[in-house]
Amino acid sequence: EAGVAQSPRYKIIEKRQSVAFWCNPISGHATLYWYQQILGQGPKLLIQFQNNGVVDDSQLPKDRFSAERLKGVDSTLKIQPAKLEDSAVYLCASSLVFSGTETQYFGPGTRLLVL
Amino acid sequence: AQKVTQAQTEISVVEKEDVTLDCVYETRDTTYYLFWYKQPPSGELVFLIRRNSFDEQNEISGRYSWNFQKSTSSFNFTITASQVVDSAVYFCALGTGNQFYFGTGTSLTVIP
């Protein structure tokens, strides 16, 4: 069974530029999560989807971050414009159903460096 | 309030030593799950174990073992005969309701 796929693996951009990350969850997983992990810290949830609907985006900086999961499968996270403090690893995860008690399976992450 | 505390920020051990990573959680929910993940230098979070709040049996998987004690709200993780490949950041997490809470992680370095 294929795991969670993410691309690109690495991205370097200048501040104020835009960037987009892509995630394809494990087949059949209804719930998809985007996390931001700053160096030395634990993952911080940005947004979670149940199928193609948003169930929690309370920690998403909506003035610059957006995310969509239009067909309930893969998802895109965008940052526009990027700031220096957005430098982090962006992790995508998926779980079978929407529940905090379900195991989340993570992708390899995208390392973003904003210069 | 839900919370996961991993008091050990960094641990270094010499290869073949045993090491225990501590995890203390807080929740008022009676139904919850506890998880451990490993994050090697490559960056991917690798799922290790999931235990529910009604199952306090210790679990062993190869060199890994987990000790769940509700009386002390702890879910500690022991690596026996550590190896260099065990070097990673280990995260404990609590899942309850529709929320998932990560600890701040413990960075383990195994010295050859």
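Scoring rules and cut-offs
- Residues numbered from 1 in each chain as written.
- Chains lettered and ligands numbered in written order.
- Predicted model: local features only at pLDDT ≥ 70, side-chain atom pairs only at ≥ 80, totals over all residues.
- Heavy atoms only, no water.
- Disulfide = S-S within 2.5 Å.
- Helix = DSSP H or I, 4+ residues; strand = E, 2+ residues; numbered from the N terminus.
- Core = buried A, V, L, I, M, F, W, Y, C linked by side-chain atoms within 4.5 Å.
- Buried < 20%, exposed > 50% of the residue type's maximum accessible area, 1.4 Å probe, protein only.
- Contact = heavy atoms within 4.5 Å.
- Polar contact = N/O pair within 3.5 Å; in protein donor to acceptor, adjacent residues only side chain to side chain.
- Buried area = accessible area lost by both parts, 1.4 Å probe.
- Salt bridge = Lys/Arg side-chain N within 4 Å of Asp/Glu carboxyl O.
- Nonpolar A, V, L, I, M, F, W, Y, C, P; charged D, E, K, R; others polar.
- 1 Å grid on protein atoms, 1.4 Å probe; cavity = no way out; pocket = protein on both sides within 12 Å on 5 of 7 lines; lining within 4 Å.
- Points joined across faces, edges and corners; volume = space filled by probe spheres on them.

(A) Quick look at the state of the cysteines. Residues and elements named next belong to chain A. Evaluation of the coordinates by the stated rule reveals two disulfides over all chains. Disulfide pairing places Cys23 opposite Cys92 at an S-S distance of 1.9 Å. Residues Cys23 and Cys92 are joined through a disulfide that is left-handed, its torsion about the S-S bond being -70 degrees. With Cys23 in strand 3 (residues 19-24) and Cys92 in strand 9 (residues 88-95), this residue pair connects regions lying 69 residues apart in the sequence.

(B) Summary view of the nonpolar core. Trp36(B), Phe77(B), Tyr90(B) and Leu108(B) are the most contacted members of the largest nonpolar core, which has 23 residues in total. For this core, the secondary-structure elements that each account for two or more residues are strand 2 (10-14), strand 3 (19-21), strand 5 (33-39), strand 8 (64-69), strand 9 (74-79), strand 10 (88-96) and strand 12 (106-111) of chain B. Look past the residues within four positions of Tyr90(B) in its chain and what remains in contact with it is Gln6(B), Leu21(B), Trp36(B), Tyr37(B), Lys38(B), Leu48(B), Tyr64(B), Phe77(B), Ile79(B), Gly105(B), Thr106(B) and Leu108(B). One finds Cys23(A), Trp34(A), Leu60(A) and Tyr90(A) within the second-largest nonpolar core, a separate group that totals 21 residues.

(C) Spatial organisation of the side chain of Thr101(A). Take Thr101(A): it is sitting in the loop between strand 9 and strand 10 (105-106). Exposure remark for Thr101(A): the relative accessible area of 13% places this residue in the buried category. For Thr101(A), the side chain forms a polar contact with the side chain of Ser99(A), separated by 2.7 Å. Discounting residues that sit within four places of it in the chain, Thr101(A) has contacts with Tyr33(B), Phe35(B), Arg50(B), Gly95(B), Thr96(B) and Gly97(B).

(D) Expanded view of the environment of Thr80(B). All names here are of chain B. For Thr80, the position within the fold is in the loop between strand 9 and strand 10. Thr80 gets classed as partly exposed once you look at its relative accessible area, which sits at 35%. When the C-alpha positions of Thr80 and Val19 are compared, they lie 6.6 Å apart, and in sequence the two are 61 residues distant. Non-local contacts of Thr80, meaning those with residues more than four positions away in its chain, are made with Glu17, Asp18 and Arg63.

(E) A look at the interface of chain B and chain A. At the junction of the two partners, chain B supplies 21 residues and chain A supplies 21 residues. Across the chain B to chain A interface the summed buried area is about 1,600 Å²; carbon plus sulfur atoms make up 50%. On the chain B side of the contact with chain A, Leu45(B), Asn98(B) and Phe102(B) bury the most area, a combined 29% of that side's loss. For the pair chain B and chain A, the number of links is zero salt bridges. Summed over the shared surface of chain B and chain A, the result is six residue pairs in polar contact (both at pLDDT 80 or more). Listing elements by their share of the side of chain B that touches chain A, those giving two or more residues are strand 5, strand 6 (46-52), strand 10 and strand 11 (99-102) of chain B. Looking at the side of chain B that touches chain A residue by residue, the class counts come to nine nonpolar, 10 polar and two charged.

(F) Representation of the pattern of salt bridges in the model. Per the stated rule, a full pass over the model turns up five salt bridges over all chains. Taking the shortest distance from any N to any O, the salt bridge between Lys62(A) and Asp57(A) comes out at 3.7 Å. Among the ionic pairs, Glu59(B) bridges to Arg51(B), the shortest N-O distance being 3.3 Å.

(G) Structural context of the layout of surface pockets. Quantified by volume, the largest pocket comes out at close to 440 Å³. If you go around the largest pocket, you meet 22 residues; those closest to its centre are Gln37(A), Ile38(A), Leu39(A), Gly40(A) and Gln39(B). Counting residues per element, the ones that place at least two in the lining of the largest pocket are strand 9 and strand 11 (110-114) of chain A together with strand 10 and strand 12 of chain B. Residue composition of the lining of the largest pocket, grouped by class: nine nonpolar, 11 polar and two charged. Roughly 320 Å³ of internal volume is contained in the second largest pocket.

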